[in-house]
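Reading the structure
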Amino acid sequence: MNKYTPEILEQVETLLNVGIALSAEKDHNRLLEMILTEARRITGADAGTLYLCEDGHLVFKIIQNETMGIFQGGRGEPVDLPPVPLREENVSAYVVLTRRSVNIADVYAAEGFDFSGPKRYDSLTGYRTTSMLVIPLENHEGEIIGVLQLINARDQHGRVIPFAPYLEKVVSSLASQAAIALTNMQFIQDIENLFNSFVEVMATAIDARTPYNANHTRRVALLAGEMVGVINAVTEGRWGSEYFDDDRAAQLVMAAWMHDIGKVATPLSVMNKATRLEGGMELVLQRLDYIAASLRAEYLQRKMVLANEGPRAAEVETLDRWWQEQEAMIEQARELVIRADNPATFVSEEMVEELEKVARRTYVDAAGEERPWLTRGELEQLSVPRGTLTDTERKIMEDHVEVTRRMLEKIPFTRKLKDVPYLAGMHHEHLDGNGYPQGLKGDEIPLEGRILALLDIFDALTAADRPYKKAVPVEEALKILGFMVKDGKLDAELFEHFRQSRIWERLE
Ligand SMILES: [Fe+2]
Ligand SMILES: [Fe+2]
């Protein structure tokens, strides 16, 4: 004969199923709710409370009372009760402190605990708290993380009865599975938090390397987070069927946080180059001063020689003219260099020719060596038509994407984030294939890549990301992005959704 009643067998099965369900639940609130609901179901309890230990107190998380129709915490209305201090006279606190469960047949007849709380509740509501089973939630590390308090067990006729002693074991088993599930969830949360704060620290460090756009990464990441909602709200057109669930959204935002991480390896002299010559400007000006001084010395000396040789008016006049020409040439060279050094200047081909003329002139230095007025390197720097970077320097700058990808590939991202290196590595790709580093084209760039490219440019435009470049007003930036769409660089529909959403206003 089977010594287990069908009731017990059913409870065992329920318990097993609950164990499986608990370990599968990924949402903290739903998990808490499930623990109490299932514990009540197994024991037939009318009411119950789930507390978690936080900062030396028991905090109400879930309150359920079927008779009173009360369901608080979890996905229901929030619990608005003060935390319970860990004092032995409180039965739930007692369970935490002693690690022992308590089974009381009738709260009103029980001694040793302060039941003024439930009694007051009863007198206010007309409820009658009778039987009570209080079980600690102990995890696999032997830590009590909370308490399950079950109230008013009922028989099959709905009459309130005491909790059968064997239910203590059953609920304890459920409680320990619940505690493990909660602790695991907390571990995962801790690891995610740790990783996220590490990423934020890295991004802050990158942003801090350039004083001009010190919030670039943060802003791109926040905009990416906002873009998720924008895309999810789109129902028509190319992106109407795209949907970002939590995992896909998290991956996009992570890629945004990491997109410029490779800039850690970009030399500051390139990254923050404010003018075409930057530090080299001083040297050129001093050189021109030296050239002026030595030509003046030569002029004065030759004039003195002429004076000693007697009246030679015509020769003196020629010499004076020569000196005036030299002086003018130096002055012109000085002005030209200052103008070309200025990043706001567009250096035209004519200007380059002028610069080349200056570079062809030579002087004799203090050591007697013949040298050009401008070195080959200085000429190259000054001849950059727009911006401050030479081709070599721009390559170094663009390298940050490659470095980003290489760095991120070393991180063992979880399955949910596995595409972060791939996505972060395409924030400078343009649909027309003229982006870098891979020159990806059209459909080779997924939605995420298009979003990152758009947001990166938007933020670079609206922030003063170069010392010489003033921040472009938003409407102007949108116009420029519109031109880039026309040029086939950025996604037209995506830009339109972005433009209409005005998500940047939420960042302020
Ligand atoms: Fe970048
Ligand atoms: Fe960027």
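Everything quoted here is computed from the prediction, not taken from an experiment.

With that out of the way, let us pick up the overall build of the protein chain. Within the protein chain one finds 17 helices and 10 strands. Here the C-alpha atoms of the protein chain give a radius of gyration of 38 Å, more than 25% beyond the 23 Å that 2.2 N^0.38 yields for 508 residues. In terms of overall dimensions, the protein chain has C-alpha extents of about 140 × 50 × 45 Å along its principal axes. Per-residue burial over the protein chain gives 31% buried out of 508 residues. Long-range pairs, those at least 24 residues apart, make up 64% of the contacts in the protein chain between residues at least 6 apart in sequence.

With that out of the way, let us pick up the pairing of strand S6 (residues 132-138). With seven of seven residues buried, S6 lies mostly within the body of the structure. Of the two faces of S6, the one lined by Met132, Val134, Pro136 and Glu138 and the one lined by Leu133, Ile135 and Leu137 are each fully buried. Bridge analysis of strand S5 (residues 102-104) against S6 gives three bridges, and the strand direction is antiparallel. Residue Ile104 lies in a different strand from S6, and its bridge partner there is Met132. Taken together, S6 and the strand that follows it, strand S7 (residues 144-154), pair antiparallel across an intervening segment of five residues, in which Gly142 is found at a positive phi of about 75°.

Along the chain, His427 turns up in the loop between helix H14 (420-424) and helix H15 (447-462). For the pair His427 and Ile457, spaced 30 residues apart in sequence, the C-alpha separation works out to 9.2 Å. Leave out the neighbours within four places in its chain, and His427 touches His259, Val401, Leu452, Ala453 and Asp456.

What follows concerns unusual backbone geometry. For the peptide bond that leads from Tyr436 to Pro437, omega is 5°, which places it in the cis range. You can see Pro437 is positioned in the loop between H14 and H15. Even without glycine at this site, Arg99 takes up a positive phi of about 60°. With respect to the secondary-structure elements, Arg99 resides in the loop between helix H3 (91-98) and S5. Even without glycine at this site, Glu278 takes up a positive phi of about 45°.

A separate point is the pairing of strand S1 (residues 45-54). Burial analysis of S1 places seven of its 10 residues in the buried class, which makes it a mostly covered element. In the sheet, S1 pairs with S7 via seven bridges, with the strands oriented antiparallel. Each residue of the ladder has a partner; that of Thr49, found in S7, is Gln149. Where S1 and strand S2 (residues 57-65) come together, eight bridges link them in antiparallel fashion. Looking at S2, one finds that Tyr51 is bridged to Phe60. What sits between S1 and S2 in their antiparallel hairpin is a turn of two residues, with Asp55 showing a positive phi close to 50°.

As a further point, take the domain arrangement of the protein chain. One can read the domain layout of the protein chain as domain 1 (6-188), domain 2 (210-270 + 393-507) and domain 3 (280-386). A straight line from the C-alpha centre of domain 2 to that of domain 3 covers 47 Å.

Moving on: the packing of helix H5 (residues 165-209) against helix H7 (residues 246-258). As a packed pair, H5 and H7 sit with axes 9 Å apart at the nearest point and diverge in direction by 35°. For the pair H5 and H7, the contacting residues are Val199, Glu200 and Ala203 in the first and Met254, Trp257 and Met258 in the second. Across the contact of H5 with H7, the residue classes tally to five nonpolar, no polar and one charged.

Leu148, Leu150, Val171 and Ala178 are the most contacted members of the largest nonpolar core, which has 45 residues in total. Examining the composition of this core, we find that nine residues originate from one element, H5, more than from any other. If sequence neighbours within four positions are ignored, Val171 has contacts with Ala39, Ile42, Thr43, Leu133, Ile135, Leu148 and Leu150.

Let us look at helix H17 (residues 492-501). Three or more residues of H17 are buried, namely Leu494, His497 and Phe498. Looking down the long axis of H17, one finds its buried residues gathered within 100° of arc, a one-sided arrangement. Arg502, located one to two residues past H17, shows a positive phi value of around 50°.

Scoring rules and cut-offs
- Residues numbered from 1 in each chain as written.
- Chains lettered and ligands numbered in written order.
- Predicted model: local features only at pLDDT ≥ 70, side-chain atom pairs only at ≥ 80, totals over all residues.
- Helix = DSSP H or I, 4+ residues; strand = E, 2+ residues; numbered from the N terminus.
- Rg over C-alpha atoms; globule rule 2.2 N^0.38 Å.
- Buried ≥ 20, exposed ≤ 12 C-beta atoms within 10 Å, placed from the backbone.
- Contact = placed C-beta atoms within 7 Å.
- Pairing = 2+ DSSP bridges.
- Domains from an automatic or database assignment.
- Axes fitted to C-alpha atoms, helices over the stretch in contact; angles between N-to-C directions.
- Nonpolar A, V, L, I, M, F, W, Y, C, P; charged D, E, K, R; others polar.
- Core = buried A, V, L, I, M, F, W, Y, C linked by C-beta atoms within 7 Å.
- Arc of directions from axis to C-beta.

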